[in-house]
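Structural features, examined
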Amino acid sequence: MSEPGSHEFTVASSEDVHIGRVVGLRVDEIVMPGGGTARREVVEHLGAVAVCAVDDDGAVTLVHQYRHPLRDRLWELPAGLLDTDGEDLLETASRELVEEAGLAARRWDTLVDVAASPGFTDEVVRVFLARELTPVPREVHGDEEADLVIAKVPLTEAVRMALAGEIVNGATVSGVLAAQAVLSGAEQSRPADAPWRDRPTSFAARAR
């Protein structure tokens, strides 16, 4: 058996179970350190971006929207799937900010990359910090976006909501905490075009 931390988990075989519009489910047979194999169910995802838009008064824009798997409305950052072929990450983030919040931003930085649940899915969300905001007309697409409730909340209140369990969306919790760290001067953000090592690629490659 190899030393701990040195084994290469190769894929002996892979079977597609379901391929949908935005996710796919496959089962991989993985070679384990002891020489045997283990089955791993993997949900492939397009990946997504989220936007922590903070205005000059220190308020962050949140949207309240229905999420069917949880059968509840959640407070979240404006966000969207990377489902437009050839669209730059920042273009997607800018478009989603307009569509969901009616805002445009002049200053962009990268806050965090969040692996949603790496035990079974390759979904990773990049969270941007957007500043120098101006209101623009919203571009509502579909009934779901028409049902959104938009609110501006002091960033300190958003942090309190996250710590109190009132915000549970992973990218939103991570985003507001990271924004507080950056805007307080405790930490530094990354450039808007920072490399994204763990961006999901498997599901997008199927479409190509």
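Residues numbered from 1 in each chain as written. Predicted model: local features only at pLDDT ≥ 70, side-chain atom pairs only at ≥ 80, totals over all residues. Heavy atoms only, no water.

**Quick look at the sheet that holds strand E9 (residues 124-135)**
- Reading across the sheet, the 5 strands line up as E7-E4-E9-E8-E11 and stay open at both edges, with mixed pairing between neighbours. Each having just a single partner strand, strand E7 (79-81) and strand E11 (190-191) make up the two edges of the open sheet.
- Judged from the 11 bridges that link them, strand E8 (residues 103-115) and E9 form a sheet pairing that is antiparallel. Looking across to E9, one finds that leucine 103 is bridged to proline 135.
- Taken strand by strand, helix H4 (residues 170-183) contacts strand E4 (48-53), E8 and E9, and its axis lies near 115° from that of E8. (Pairing = 2+ DSSP bridges. Helix = DSSP H or I, 4+ residues; strand = E, 2+ residues; numbered from the N terminus. Contact = heavy atoms within 4.5 Å. Axes fitted to C-alpha atoms, helices over the stretch in contact; angles between N-to-C directions.)

**Some points on the environment of alanine 151**
- Turning to its location among the elements, alanine 151 is positioned in strand E10 (residues 149-154).
- When residues no more than four places from it in sequence are discounted, the contact partners of alanine 151 are Val60, Thr61, Leu62 and Trp75.

**As for the nonpolar core**
- Membership of the largest hydrophobic core comes to 23 residues, with the highest contact counts inside it found for Cys52, Val60, Leu77, Leu111 and Val127.
- Put simply, the parts of the chain that give this core at least two residues each are E4, strand E5 (59-67), E8, E9, helix H3 (155-163) and H4.
- By size, the runner-up hydrophobic cluster in this structure holds 17 residues, among which are Leu89, Ala101, Trp108 and Trp196. (Core = buried A, V, L, I, M, F, W, Y, C linked by side-chain atoms within 4.5 Å. Buried < 20%, exposed > 50% of the residue type's maximum accessible area, 1.4 Å probe, protein only.)

**A closer look at the environment of glutamate 76**
- Looking at where glutamate 76 falls in the secondary structure, it is placed in strand E6 (residues 72-76).
- A relative accessible area of 3% means that glutamate 76 is categorised as buried.
- As a C-alpha pair, glutamate 76 and leucine 90 span 14 residues in sequence and 19 Å in three-dimensional space.
- Residues in contact with glutamate 76, not counting those within four places in the same chain, are Leu62, Val63, Gln65, Arg67, Asn169 and Thr172.
- Separated by 3.0 Å, the side chains of glutamate 76 and glutamine 65 make a polar contact. (Polar contact = N/O pair within 3.5 Å; in protein donor to acceptor, adjacent residues only side chain to side chain.)

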